[in-house]
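# Coordinate analysis (summary)
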Amino acid sequence: MKSETVSTLLVEAASLLAIGMVFVFLFLALLIAAINLIAAFCRKFPGNFPAESSSVPLTKPLATPSRKIDDTTLAVIGAAVHQYRKQHQSNVKD
Amino acid sequence: MDKFDVLWQSTALAHFTLGQMAMMLVGLLLLYLAIVKKFEPLLLLPIGFGALLTNIPLAGFSQAGGILFYIYEVGIDTGVFPLLIFMGVGAMTDFGALIANPRMLLLGAAAQFGIFATLFGAIALNWVPGFSFSLQDASAIAIIGGADGPTAIFLASKLAPELLGAIAVAAYSYMALVPIIQPPIMKALTTPEERKIEMEQLREVSQREKIIFPIAVLLLTILFLPAATPLVGMFCLGNLMRECGVVERLNKTAQNELINIVTIFLGLAVGSKLSADKFLTVETLGILALGAIAFGIGTATGVLMAKLMSRVSSRKINPLIGAAGVSAVPMAARVVNKVGLEANPHNFLLMHAMGPNVAGVLGSAVAAGVLLALVG
């Protein structure tokens, strides 16, 4: 390439460097301001809108066992286990 | 005897050119790097295989009628594939660390100096006989410094399609080499005391902030840099799908199935550009050298900016995190964490480095938009 064209290209590249970096900095600085604004807005109006919905499974499992086991069921299970252990122990002894 | 000649003429052996064989070796080298060295295997494997296919004599994979030709035309010439990948990347990116400490955006901006300095360097290479890079070529090469594959491919397909193969290979190879390129630069520019600095815990970020963030980014891009809206818009769409919590199925598809499918085709299409006449040139060597310089300069300016910020700011900033500003998510952040742990075994910088890391993605998309607007 001719040296003249290279030097004109170099001047253009230098101006691109300056303009590009200034623009990137300005744009991202503006974004900093925007993020701070969003944060301030969210602090001011802290509604509890969609809470943790991202962790909700897509489809509900077909048979969801209810987490809370009521006292009667607990008592029944406890008695059954007790009975089983008793039987099992007596079996071992025999 | 005639029949023998016809038979001989129908084998590849009779038609192999030296260039094709050399390019097949390049393809095999890429496969080796992907499979044995595990360098960005998701991309280098299809790229390497694409290079094998496109250099088969008589098969015409990359001529009109061949599958690679159409994949390239449909996906890369139109810019669709890199943009779909960018949507998936958006769906995989958590901006929490950046929203908690927005000043990290300045580090992402500083690291883009690597791009613009390389643009200058690529033009300066024209002094060397054998190189003739136009401003478009130089811009497409420089974006390698953005350390972001889809952005590099998108810009190269718009500005310098004939250099796309070399640019994509350089971009992905150097992204894999981040753990080797960055640490020496990071250590040279910081003192052991600086590397030991512990940073304060990041605050909790609400879901509402995360939802508003991508919309705000898009709004700013629309207002100030419409040329970057294809990249930033797809990225923000992916991120909004991730954070809003109501389209979990789309989110999962964007960051798994869709990005995987597109990656296969993107790799093959890039590989189809690895033909001897376009790749075995002195310009490819120049592109590989410039890419490494771009990474180095970006890392250095990121670290220097972090040093400056830690001097000025009241809050402590470990200058190492500036190196993550070159994007290359999440590799660069992991490198920062590793170098930080070497200096201070109790100092986990990973979360702090994720801020500048994702800021770098935005920074390189903005830089690409600037180049498209001014040079394209």
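Since the structure is predicted, the reported quantities are computational estimates derived from the model, not experimental observations. (Residues numbered from 1 in each chain as written. Chains lettered and ligands numbered in written order. Predicted model: local features only at pLDDT ≥ 70, side-chain atom pairs only at ≥ 80, totals over all residues. Heavy atoms only, no water.)

## With respect to the pattern of salt bridges
All names here are of chain B.
- Scanning the entire structure with this criterion turns up six salt bridges over all chains.
- With a shortest N-O distance of 3.2 Å, K210 and D94 are connected by a salt bridge. Taken as a pair, K210 in helix α14 (residues 207–224) and D94 in the loop between α5 (80–92) and α6 (96–100) lie far apart in primary sequence, 116 residues in all.
- Accessibility expressed as a relative area gives 17% for K210, which makes it buried.
- Here D94 falls in the partly exposed class, since its relative accessible area comes to 32%.
- If you follow the salt bridges from partner to partner, you end up with E194, K307 and R311 in one network. (Salt bridge = Lys/Arg side-chain N within 4 Å of Asp/Glu carboxyl O. Helix = DSSP H or I, 4+ residues; strand = E, 2+ residues; numbered from the N terminus. Buried < 20%, exposed > 50% of the residue type's maximum accessible area, 1.4 Å probe, protein only.)

## Some details on the interface of chain A and chain B
- The partner chain B presents 47 residues to the 38 residues of chain A that form the contact.
- Approximately 3,900 Å² of surface area, both sides summed, lies buried where chain A meets chain B, with 84% of it carried by carbon and sulfur atoms.
- Along the contact surface separating chain A from chain B lie one residue pair in polar contact (both at pLDDT 80 or more).
- Its residues placed into classes, the side of chain A that touches chain B shows 30 nonpolar, six polar and two charged. (Contact = heavy atoms within 4.5 Å. Buried area = accessible area lost by both parts, 1.4 Å probe. Polar contact = N/O pair within 3.5 Å; in protein donor to acceptor, adjacent residues only side chain to side chain. Nonpolar A, V, L, I, M, F, W, Y, C, P; charged D, E, K, R; others polar.)

## Examining the packing of helix α1 (residues 3–44) of chain A against helix α8 (residues 113–124) of chain B
- Running from amino to carboxyl end, α1 of chain A crosses α8 of chain B at an angle of 175°, the nearest separation of the two axes being 9 Å. Accordingly, the angle class assigned to the pair α1 of chain A and α8 of chain B is roughly antiparallel. Facing α1 of chain A, whose interface residues are V6, L9, L10, A13, A14, L16, L17, G20, M21 and V24 of chain A, α8 of chain B presents F113, F116, A117, L119, F120, I123 and A124 of chain B.
- For the contact of α1 of chain A with α8 of chain B, a count of residues per class yields 16 nonpolar, one polar and no charged. (Axes fitted to C-alpha atoms, helices over the stretch in contact; angles between N-to-C directions. Parallel < 35°, antiparallel > 145°, perpendicular 65-115°, else oblique.)

Bear in mind that shape data such as this cannot, by itself, settle questions of function.
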